[in-house]
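Observations on chain architecture
The primary structure of each chain is shown beneath.
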Amino acid sequence: MASAEDLFEGIVMCEERFRGEGYLDGFAEGNHVGESEGKQYGTIYGSRVGSELGCFLGFATTWRQLLTHSSEEKHSKKIKALDSLIRMIEDFSCDDPTNDKLQESMTRIYGKVKQEPTHSFKVGDTVCIRQLNKAKKGGFPYGPPTEVVAITRTAILTAQEPIWIHASRVKLCPKRGEAGCLVPSETSVPPVQDVSENSCT
């Protein structure tokens, strides 16, 4: 009789047990996928921040050297502003992504630079990139459509290329059927790749 009751209880409770096991399996899988996507997202946007900070530092350092050789008094304020920007960039914490001051530090640096993009592209735009290899018929053809995932003042990052592309090589993709852009099948568009080193071409 006891075994029959245990069997009946097992049947009654199996739905709850399976639900619990399914939840744990789904949680583990979602956690794995979330970590993978988070790493990819962090790589792309970490690359973007590093590229921008490097650009700002190069800009500030170059102008600091140029103005140092000038004897004009009016340049003293500019030199102080450049020195302040250089210190802020050099003090920026690049090794600790959990630092709760990262966003505040970036906002302060952006406030010093105050530069608007030199192009009109936005995240989410579908664009075509001009290739660097000449076509047989002459000229430099545009590649297949790809989506803009990040922008800087002068460059964009796309889902197709793991490198920063100067905006002068990019144009908005024409609609399907219009000339100037190849329209491949969905399977022919390469997936997003991890960005190990950011570069601009």
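Heads up: the structure comes first, above all this text.
Positions within a chain are numbered from 1, following the residues in the order the chain's sequence is written. Where totals are concerned, whole chains, interfaces and linings use all residues; where local detail is concerned, this predicted model gives features only for residues with pLDDT of at least 70, and gives and counts side-chain atom pairs only at 80 or more. By convention in this description, side-chain values take in all heavy atoms of the structure and omit both hydrogens and water.

Size it by volume and the largest pocket reaches roughly 530 Å³. The method works on a 1 Å grid over the protein atoms by themselves. A cavity is a set of points holding a 1.4 Å probe that cannot get out, a pocket is an open set with protein on both sides within 12 Å along at least five of seven lines, and residues with an atom within 4 Å of a point line them. Lining the largest pocket are 20 residues; nearest its centre among them are Tyr 45, Gly 46, Val 49, Phe 92 and Leu 102. Here a strand is any run of E in DSSP of at least two residues, a helix any run of H or I of at least four, and the numbering for each starts at the N terminus. Where the lining of the largest pocket is concerned, the elements lending two or more residues are helix 1 (2-68) and helix 3 (102-113). Per-element accounting of the lining of the largest pocket gives the leading share, nine residues, to helix 1. Of the residues assigned to the lining of the largest pocket, the class counts are eleven nonpolar, five polar and four charged. Grid points are joined across faces, edges and corners, and a volume is the space filled by probe spheres set on the points. Amino acid classes used here: Ala, Val, Leu, Ile, Met, Phe, Trp, Tyr, Cys and Pro are nonpolar; Asp, Glu, Lys and Arg are charged; the rest, including Gly, are polar.

This paragraph deals with the packing of aromatic side chains. What counts as a ring pair is set by centres within 6.5 Å for rings of Phe, Tyr and Trp (its six-membered ring), and what kind of pair is set by the plane angle: stacked under 30 degrees, edge-to-face over 60, tilted for all other angles. Applying the stated criterion across every chain, the model contains one aromatic pair. Only when the NZ of Lys or the CZ of Arg is both within 6 Å of the ring centre and within 35 degrees of the ring normal is a charge said to sit over the ring. Here the guanidinium or amino end of Lys 171 rests over the ring plane of Tyr 142, the centre of that ring lying 4.2 Å away.

Ranked by internal contacts, the top residues of the largest apolar core, which has 14 residues, are Leu 53, Phe 56, Ala 60, Leu 85, Ile 89, Phe 92 and Ile 109. Listed by contribution, the elements that provide at least two residues to this core are helix 1, helix 2 (76-90) and helix 3. Top element by residues in this core is helix 2. It accounts for six residues. The contact criterion used throughout is that any non-hydrogen atoms of two residues lie within 4.5 Å. Leave out the neighbours within four places in its chain, and Leu 85 touches Phe 56, Ala 60, Ile 109, Lys 112 and Val 113. Here, nonpolar core means buried Ala, Val, Leu, Ile, Met, Phe, Trp, Tyr and Cys residues that are tied together by side-chain atoms lying within 4.5 Å of each other. Whether a residue is buried, partly exposed or exposed follows from its accessible area with a 1.4 Å probe, protein chains only, as a fraction of its type maximum: under 20%, in between, or over 50%, in that order. With nine residues, the next largest nonpolar core counts Val 127, Val 148, Ala 167 and Val 170 among its residues.

By the criterion of burial, strand 2 (residues 146-151) is predominantly enclosed, with five of the six residues buried. For two strands to pair, DSSP has to find at least two bridges joining them. By the bridge criterion, two bridges tie strand 1 (residues 126-129) to strand 2 in an arrangement that is antiparallel. Each bridged residue has a counterpart across the sheet, and for Thr 126 the counterpart in strand 2 is Glu 147. The pairing of strand 2 with strand 3 (residues 155-158) spans three bridges and is antiparallel.

Right, let's get into the packing of helix 2 against helix 3. With axes taken as lines fitted to C-alpha atoms, and helix axes fitted only over the stretch in contact, angles between N-to-C directions fall between 0 and 180 degrees. For the pair helix 2 and helix 3, interaxial distance at closest approach is 10 Å and the crossing angle is 155°. Taken as axis vectors, helix 2 and helix 3 run roughly antiparallel relative to one another. Here the hand of the crossing between helix 2 and helix 3 comes out left-handed. In this structure, helix 2 uses Ser 84, Leu 85, Met 88 and Ile 89 to contact helix 3, whose residues at the interface are Arg 108, Ile 109, Lys 112 and Val 113. Among the residues making up the contact of helix 2 with helix 3, the classes are represented as five nonpolar, one polar and two charged. Every angle not falling under 35 degrees, over 145, or within 65 to 115 is termed oblique; those three ranges are roughly parallel, roughly antiparallel and roughly perpendicular. A crossing counts as left-handed when the near helix is turned anticlockwise from the far one by less than a right angle, and as right-handed when that turn is clockwise.

What follows concerns the sheet that holds strand 2. Strand-to-strand pairing in sheets goes through backbone hydrogen bonds, with the strands running parallel or antiparallel. Taken together, five strands build an open sheet; the order of strands is 4-3-2-1-5 and the sheet is antiparallel. Looking at strand neighbours, the two that pair on one side only are strand 4 (165-166) and strand 5 (170-172), the edges of this open sheet.

To estimate how far a helix should reach, multiply one less than its number of residues by 1.5 Å. For helix 3, with twelve residues, the first-to-last C-alpha span of 17 Å sits near the 16 Å given by 1.5 Å per residue. The set of residues buried in helix 3 consists of Met 106, Ile 109 and Val 113. Down the axis of helix 3, the buried set is contained in an arc of 65°. They therefore lie on one face. Arc definition: it is the arc formed by the directions from the helix axis to the C-beta atoms.

Here we take up the pattern of salt bridges. The term salt bridge refers to a pairing of a side-chain nitrogen on Lys or Arg with a carboxyl oxygen on Asp or Glu at a separation within 4 Å. Applying the stated criterion across every chain, the model contains two salt bridges. Here Asp 83 makes a salt bridge to Arg 64, at a shortest N to O gap of 2.5 Å. Remark: Arg 64 occurs in helix 1 and Asp 83 occurs in helix 2; sequence separation between them is 19 residues. The class for Asp 83 is partly exposed, based on a relative accessible area of 22%. The exposure class of Arg 64 is partly exposed, given its relative accessible area of 22%. The salt bridge partner of Lys 101 is Glu 104, with a shortest N-O separation of 3.8 Å. Classification of Lys 101 by relative accessible area gives partly exposed; the value is 45%.

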